[in-house]
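# Reading the structure
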Amino acid sequence: MDIRAVVEDLVGEAERLIRDRVWVLTPADRVVAAKAAADLDAAVLTPQAQQALPEVDRLAHLREALAAVAIALAHVHGRLAWFLGAAATALTPVLHWRALPDEDGPTFGAVAPTPAQYTEAEDAVRRLQEALAGISTT
């Protein structure tokens with residue numbers, strides 16, 4: 001399953017839990033979700049802007065997005081923490097990617113992603129950002 005599909009499933013579950021009132025959002029949840037949404041929006045630009053960047057910058061933006069999720073996770077407990085933890089897990093392939101050539105040396109297992117993988121991960125971050133923005137206003 002690709003990153004985008006994992007995030008879509010995760011967002012769908014969160015939306016159902018909120019809609020069914022299984023997950024009752026607290027004011028603190030909303031504040032953290034709003035901050036995380038803003039940080040993700042700043043990290044990953046529009047599709048056109050991202051695709052115009054060199055691969056090393058695209059990867060840096062994705063790593064920044066993952067860091068924003070991890071920082072938000074550090075500030076919450078309960079369902080929002082579980083949601084953010086699952087989101088961070090979904091984005092972990094980004095940690096194994098490299099944008100620089102290996103120059104015939106060890107890469108610690110890092111692999112060069114395809115352009116489609118960059119796009120998929122960026123789309124997943126945008127979907128996650130949209131969901132967090134929705135959580136902050138629900």
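First, a word on scope: everything that follows refers to the structure included in this document. Being a predicted model, the structure only gives us computed values, none of them experimental.

## With respect to the packing of helix H2 (residues 27-43) against helix H6 (residues 115-137)
Helix-helix packing is described using two parameters, namely the angle between the two axes and the distance between the axes. In contact at an axis separation of 8 Å, H2 and H6 are set at 150° when each is read in the N-to-C sense. One way to sum up the angle between H2 and H6 is to call them roughly antiparallel. Between H2 and H6 the crossing geometry is left-handed. Contacts from Arg30, Ala33, Ala34, Ala36, Ala37, Leu40 and Asp41 in H2 reach Val125, Leu128, Gln129, Leu132, Ala133, Ile135 and Ser136 in H6.

## Looking at unusual backbone geometry
With the exception of glycine, the majority of residues adopt a negative phi angle, and the majority of peptide bonds are in the trans configuration. Although it is not a glycine, Arg21 sits at a positive phi angle of roughly 60°. For Arg21, the position within the fold is in the loop between helix H1 (3-19) and H2. Classification of Arg21 by relative accessible area gives exposed; the value is 60%. Even without glycine at this site, Phe108 takes up a positive phi of about 55°. Structurally, the position occupied by Phe108 is in the loop between helix H5 (78-90) and H6. Judged by its relative accessible area of 85%, Phe108 is exposed.

## Some details on the environment of Val125
The topology assignment puts Val125 in helix H6. Accessibility expressed as a relative area gives 1% for Val125, which makes it buried. Once the C-alpha coordinates of Val125 and Val7 are considered, the two residues, 118 residues apart in sequence, prove to be 8.2 Å apart.

## What to know about the packing of aromatic side chains
Within this structure, the stated rule accounts for two aromatic pairs. With a centroid separation of 5.8 Å and an interplanar angle of 70°, the aromatic rings of Trp97 and Tyr118 are classed as edge-to-face. One end of the pair, Trp97, is in the loop between H5 and H6; the other, Tyr118, is in helix H6, and 21 residues separate them in sequence. With a relative accessible area of 5%, Trp97 lands in the buried category.

Conventions and cut-offs
Residues numbered from 1 in each chain as written. Predicted model: local features only at pLDDT ≥ 70, side-chain atom pairs only at ≥ 80, totals over all residues. Heavy atoms only, no water. Axes fitted to C-alpha atoms, helices over the stretch in contact; angles between N-to-C directions. Helix = DSSP H or I, 4+ residues; strand = E, 2+ residues; numbered from the N terminus. Parallel < 35°, antiparallel > 145°, perpendicular 65-115°, else oblique. Left-handed = near helix turned anticlockwise from the far one by under 90°. Contact = heavy atoms within 4.5 Å. Buried < 20%, exposed > 50% of the residue type's maximum accessible area, 1.4 Å probe, protein only. Phe/Tyr/Trp six-rings, centres within 6.5 Å; stacked < 30°, edge-to-face > 60°.

Don't take any of this as a statement about function, it's just geometry.
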